[in-house]
Amino acid sequence: MIEEIKNAKILDIISYLKNYLQGKENAIVLSLIAIFSKGHLLIEDFPGLGKTSLVIALSKILNLSFGRIQCTSDLLPTDITGLSIYNKNTGEFEFKPGPIINNIVLVDEINRATPKTQSALLEAMAEEQVTIDGRTYKLPQPFFVIATQNPIETFGTFPLPESQLDRFIMKISIGYPQREAEADILKKGSSREKIHQLTPLMDKDEIIKIQNEIREIYLSDKVINWIIDFLNATRSDNRILLGLSTRAGLALTYTAKALAYFKNRDYVTPEDVKELIPFIVTHRIILREDFSSKEEVILSILENISVPP
Amino acid sequence: MHLAYITQNKIENFLFFISILIAIIPFSAIYSSISTLISLLFITINLIAVLLHLKKFYVPNSFLNVASILFIIYPFLNFSPEDFLLPSIEALTLILSIRLLGKKTQREYLQIYLLSLLLLGSSTLLNMSWIFLLRLIFMLVFTILSILLITYLRETKSEFISIKKLLNLLKVAFFISVVSLPLSALFFFILPRTPKPLIDIGINKGKSGFTSVVNLGGIVSIEEDSSIVMRVKMKKIDENHLYWRVITFDRFDGRKWEKSPNEDYKPDISGERINYTVYLEPSTENYLPTLDFPINIYLKGVSQEGTDNFKADFPIEKTIKYMATSFINPVIKQSKPSSHYLNLPTNFSNKIKELTDKITENSSSKEQIVKNILSHLSNYQYSLKNLPSGINPVEDFLFNKKSGNCEYFATSMALMLRIKGIPSRVVGGFKGGSYNDYGGYYLIRASDAHLWVEAWIDGKWQRFDPSGRIGRYSESVVFNFIDYIWNSIVLDYDVMAQLRLAKSISPTKIKFNKNVTWIILVAILIVFLIFKVIRYLRKIKNPLIQFFAIMKKYGFERKKSEGLREFLNKVEPLELKVKAEKFIQAYEKTYFKDKEFTREKIKELRNLLREINENNKS
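Residues numbered from 1 in each chain as written. Chains lettered and ligands numbered in written order. Predicted model: local features only at pLDDT ≥ 70, side-chain atom pairs only at ≥ 80, totals over all residues. Heavy atoms only, no water.

**Here we look at the overall build of chain A**
Moving on, step 1. Scanning chain A from N- to C-terminus turns up 13 helices and eleven strands.
Moving on, step 2. Sorting the 309 residues of chain A into buried and exposed places 51% on the buried side.
Moving on, step 3. Taken as a whole, chain A presents about 14,400 Å² of accessible surface, with 50% of it coming from carbon and sulfur. (Helix = DSSP H or I, 4+ residues; strand = E, 2+ residues; numbered from the N terminus. Buried < 20%, exposed > 50% of the residue type's maximum accessible area, 1.4 Å probe, protein only. Areas by Shrake-Rupley, 256 points an atom, 1.4 Å probe, with all protein chains shown as cover.)

And the structure:
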């Protein structure tokens, strides 16, 4: 994926971040795609693989404010959104913004929060605003949530239902680093300190500008038809219990446009979509039985749809 | 990106407009035949329908259905079976028009189109000319376009359509119509060809022809008729030779000319031979026109009366075609003609005799007599109006009116010649005709009808034209030519089959034999093959197909589910991959941006392909 990226700005960001986040190139590209297609990202991975480093690095290099929410089962909605506190001196209630009032928000182990808190969070993601004591606060733009969940430790967790997962434009996993990359990390030690010192390469206005440019990328009916064929195939496949929603289709088009932009093209090809399908589709479908992995089912469906031209 | 869209409302209007057009097409074919009242009603209802449509007010369908049923009953109220067809067509016209009043869903539109098609079909019962083909094409295009549009809207469930798409639909509609035309052309071979109505319901005025008896003043009715009598395909000849002989009259009783039933003479004819083909429009009489002087007509069922008249043994109900041979500049030698060429009417006026003697007082030779008579008659006025009449119309012409048409001139001259003892007769036919240079034929109209005189002088029959009229108007060349082509192509197909049809009224005798089945099968096969060939040509012309063909030579085959870039990833070595990538890039840029593959673009792609191919050779 990375070798096809030709857009100079994006390439700059990636090559810069690569130095600090060894072996996480794909995760960097995908997160950037999620940011620039105005979506939110879900990372399903084990602890200690550099999720936090990735998010901080992104916030630094894009010059965005960063907030972090560590989810536990006693986390309350107000712990996320913030709350009004009585100020003795002024005699008034003062709004203390929660960690969500930031550009980039890391929600760690989202599946540990109670459904009530989860839904408050997801609500804020969807509406891009929070309401506290009857007052509505707009979330800053751009607004980007990276949530993580641990796939192994499921005891005492509240797994997100597929309908909620649908709100995340992508689900990725970082995975263990390659041997050399890991050796490199061990040699140099954690780069967290250096990451905090990163110089920004972009600012908010530019991000918003790029986001809007990406939405203007040309998407041919031919590609749309192909996407719809794919959506319908997942809906009618007898191995799949829950097929893809229209929101999934939208996610495909938005991210494909972002990828096309990264590749310096002003039109989308089916390959753009295909490349992103594994990260966009898997968390949105439910298999009927555990036949095989979701990836295999998706691949076999793609095998049977003819690609234009 | 700005896209032009047509909204739902506009589409409704568009569909409605097309439907009105479709309804008007067959109406244009029949409006001259149906009664004025019905025509007016149709137009009025159409206008009301437009108004209602604009106001979005629709007449309830139940009401329309009741009205339709009433209209269906209407033709049955006429008891006369001959009059049955026309009221049916009128009823159909009205049903069609009121259909436009109601709320129109897809079903109503289809009804309208079906009714229109029915009406167009029934219009061929009244009249069928080449314009039918035009109407059919328009109707096909519009109907298919509209059905495509309806289907498109229903299938895509969209409420609007871009102008580009609409134009595309129009293209498709046109294409389908054009492709279906060769198929519909088959119908012309299968169905009996009918330039004349299948059922003669007396709407078309039968063309008056020459009968074996002509009353003085009777030709005028023919001369006033401007309808086409025949077309004659032949080379252009001198105008003075253009006398079309139909019938020879030898007996005059003072008021009418008659042809002796079995007058037979064997003249010795010589001259310049000329061959030609006649397309004779249907007429009420069986005498067949030929160029003066005829030798023979090549057509079955035609008998020769005398030497110079030809008569068909069957009623000429359709346009018929025959070949014939004639002499121009003929020398018609005959030893001694029968004495009745000198007969005068029994109660013949002496005044005419005296006048004749006076005119020819100092004539010594027969030639001189002829000359004097011609010069005397040249003082008379040629006119189609206020013709001489009375018990003795010739006398009225010579002494009172002093004006008349060719009949009076010719009759007067023939009588004067007979008074002077020169055998003479009157020939009925046509004179002149306008030559169509595109089609290479003469067009002769009923108004070209003419009578002239033949006199036996010096053992030869010689032609004299005392009225000497040459009056031609210009003809609309192109339309007549199209008409001619239609006639000659559609009618030429099998003349014998037509004659069989003409002879035996029962149409079941026309065999839908193996030949027809073969023709249909072969035609379908040909159309199918043409389709295949076009598709194949398009395919091999498509640069992408060529690209895949070249890559196949290198051993790389693309799977259906592979995108171009995915396919490219399989390609090696690098040199080839780079070239292939260039091509794919160029192709993608046009294809996925929905741009048109222009000539230059295809040329560019071809060049890239050539480069890939060069790799192959080296």
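**Points about the packing of aromatic side chains**
Moving on, step 1. For the structure on display, the rule yields 26 aromatic pairs over all chains.
Moving on, step 2. For the pair Phe27(B) and Phe42(B), a centre-to-centre distance of 4.1 Å together with 20° between the ring planes defines the contact as stacked. Of the two residues, Phe27(B) is situated in helix H1 (residues 8-30) and Phe42(B) in helix H2 (residues 36-55); the sequence distance between them amounts to 15 residues.
Moving on, step 3. Look at Phe27(B) and you get buried, because its relative accessible area is 8%.
Moving on, step 4. For Phe42(B), a relative accessible area of 1% translates into the label buried.
Moving on, step 5. Judged by centre distance (5.6 Å) and plane angle (80°), the ring pair of Phe548(B) and Phe567(B) falls under edge-to-face. Taken as a pair, Phe548(B) in helix H16 (residues 543-554) and Phe567(B) in helix H17 (residues 564-570) lie far apart in primary sequence, 19 residues in all. As far as the burial class goes, Phe548(B) and Phe567(B) line up, both buried.
Moving on, step 6. The residue whose ring lies beneath Arg215(A) is Tyr254(A), and the NZ or CZ to ring-centre distance is 3.6 Å. (Phe/Tyr/Trp six-rings, centres within 6.5 Å; stacked < 30°, edge-to-face > 60°. Lys NZ or Arg CZ within 6 Å of the ring centre and 35° of its normal.)

**Describing the packing of helix H9 (residues 350-359) of chain B against helix H11 (residues 393-401) of chain B**
Residue and element names in this part refer to chain B.
Moving on, step 1. H11 packs onto H9 with a crossing angle of 45° between their chain directions and a minimal axis gap of 10 Å. The angle between the axes of H9 and H11 places the two elements in the oblique class. Considering only the axes of H9 and H11, their crossing is left-handed. Residues Lys351, Ile352 and Leu355 of H9 form the contact with H11, whose own contacting residues are Val394, Glu395, Leu398 and Phe399. (Axes fitted to C-alpha atoms, helices over the stretch in contact; angles between N-to-C directions. Parallel < 35°, antiparallel > 145°, perpendicular 65-115°, else oblique. Left-handed = near helix turned anticlockwise from the far one by under 90°. Contact = heavy atoms within 4.5 Å.)

**Topic: the interface of chain A and chain B**
Moving on, step 1. The interface is formed by 21 residues belonging to chain A together with 20 residues belonging to chain B.
Moving on, step 2. Between chain A and chain B lies a buried interface of about 1,900 Å² when both sides are counted; carbon and sulfur atoms form 51% of it.
Moving on, step 3. Of all residues in chain A, Tyr218(A), Tyr267(A) and Pro309(A) give up the largest surface area on contact with chain B, accounting jointly for 36% of the area buried on that side.
Moving on, step 4. One salt bridge connects Glu303(A) with Lys559(B), and the closest N-O pair in it is separated by 4.0 Å.
Moving on, step 5. Where chain A meets chain B, there are 14 residue pairs in polar contact (both at pLDDT 80 or more).
Moving on, step 6. For the side of chain A that touches chain B, the elements supplying multiple residues, two or more each, are helix H10 (221-236), helix H12 (270-281) and helix H13 (294-303) of chain A. (Buried area = accessible area lost by both parts, 1.4 Å probe. Salt bridge = Lys/Arg side-chain N within 4 Å of Asp/Glu carboxyl O. Polar contact = N/O pair within 3.5 Å; in protein donor to acceptor, adjacent residues only side chain to side chain.)

**Looking at unusual backbone geometry**
Moving on, step 1. That bond from Gln141(A) to Pro142(A) is cis: its omega, -10°, falls within 30 degrees of zero.
Moving on, step 2. Counting through the fold element by element, Pro142(A) comes out in the loop between strand E7 (135-138) and strand E8 (144-149).
Moving on, step 3. Looking along the chain, the bond that leaves Asp292(B) and enters Phe293(B) is cis, with omega of 10°.
Moving on, step 4. Although it is not a glycine, Asn63(A) adopts a positive phi angle of roughly 55°.
Moving on, step 5. In this structure, Asn63(A) sits in the loop between helix H3 (51-61) and strand E2 (66-70).
Moving on, step 6. Residue classification places Asn63(A) among the partly exposed positions, given a relative accessible area of 42%.

**Points about the side chain of His53(B)**
Moving on, step 1. Looking at the element boundaries, His53(B) is found in helix H2.
Moving on, step 2. Once residues lying within four places of it in the same chain are set aside, the contact partners of His53(B) are Glu12(B), Asn13(B), Phe16(B), Tyr58(B) and Lys104(B).

**Focus: the confidence of the model for chain B**
Moving on, step 1. Summarising the model, chain B shows a mean pLDDT of 76, and 80% of its residues fall at 70 or more.
Moving on, step 2. Scored below 50 in pLDDT, residues 193-207 of chain B makes 36 contacts in the model with residues more than four places away or belonging to other chains. (pLDDT = per-residue confidence, 0-100.)

**Concerning H13(A)**
Residue and element names in this part refer to chain A.
Moving on, step 1. Regarding H13, the residues found buried are Val297, Ile298, Ile301 and Leu302. Down the axis, H13 shows its buried residues gathered within 135° of arc, on one side only. In H13, the exposed positions that point more than 90 degrees away from the buried face belong to Glu296 and Leu299.
Moving on, step 2. In this structure, the buried residues of H13 make contact with H10, strand E10 (240-242), H12 and strand E11 (286-287). (Arc of directions from axis to C-beta.)

**Things to note about the sheet that holds strand E3 (residues 213-215) of chain B**
Residues and elements named next belong to chain B.
Moving on, step 1. If you walk across this open sheet you meet the three strands as E3-E7-E6, and the pairing is antiparallel. Where the open sheet ends on each side, the last strands, each with one partner, are E3 and strand E6 (251-252).
Moving on, step 2. As judged from the two bridges shared by E6 and strand E7 (residues 256-258), these two strands associate in the antiparallel manner. Along E7, the bridge assignment pairs Arg251 with Glu258.
Moving on, step 3. Strands E3, E6 and E7 of the sheet are contacted by helix H12 (residues 406-419), whose axis makes an angle of about 70° with E7. (Pairing = 2+ DSSP bridges.)

**Describing the pairing of strand E8 (residues 268-280) of chain B**
All names here are of chain B.
Moving on, step 1. Of the pairings in the sheet, the one linking strand E4 (residues 228-233) to E8 comprises four bridges and is antiparallel in character. Each residue of the ladder has a partner; that of Lys233, found in E8, is Thr277.
Moving on, step 2. Where E8 and strand E13 (residues 320-333) come together, twelve bridges link them in antiparallel fashion. Looking across to E13, one finds that Ile274 is bridged to Ser326.

**Notes on the nonpolar core**
Moving on, step 1. If you look at the biggest cluster of nonpolar residues, it comprises 97 residues, and the most contacted ones within it are Leu32(A), Phe230(A), Phe547(B) and Phe583(B).
Moving on, step 2. The contact partners of Phe547(B), leaving out residues within four places of it in the chain, are Phe567(B), Ala580(B), Phe583(B), Ile584(B), Leu609(B) and Ile612(B).
Moving on, step 3. Val214(B), Phe310(B), Ile352(B) and Leu417(B) belong to the second-largest nonpolar core, a separate cluster that totals 71 residues. (Core = buried A, V, L, I, M, F, W, Y, C linked by side-chain atoms within 4.5 Å.)

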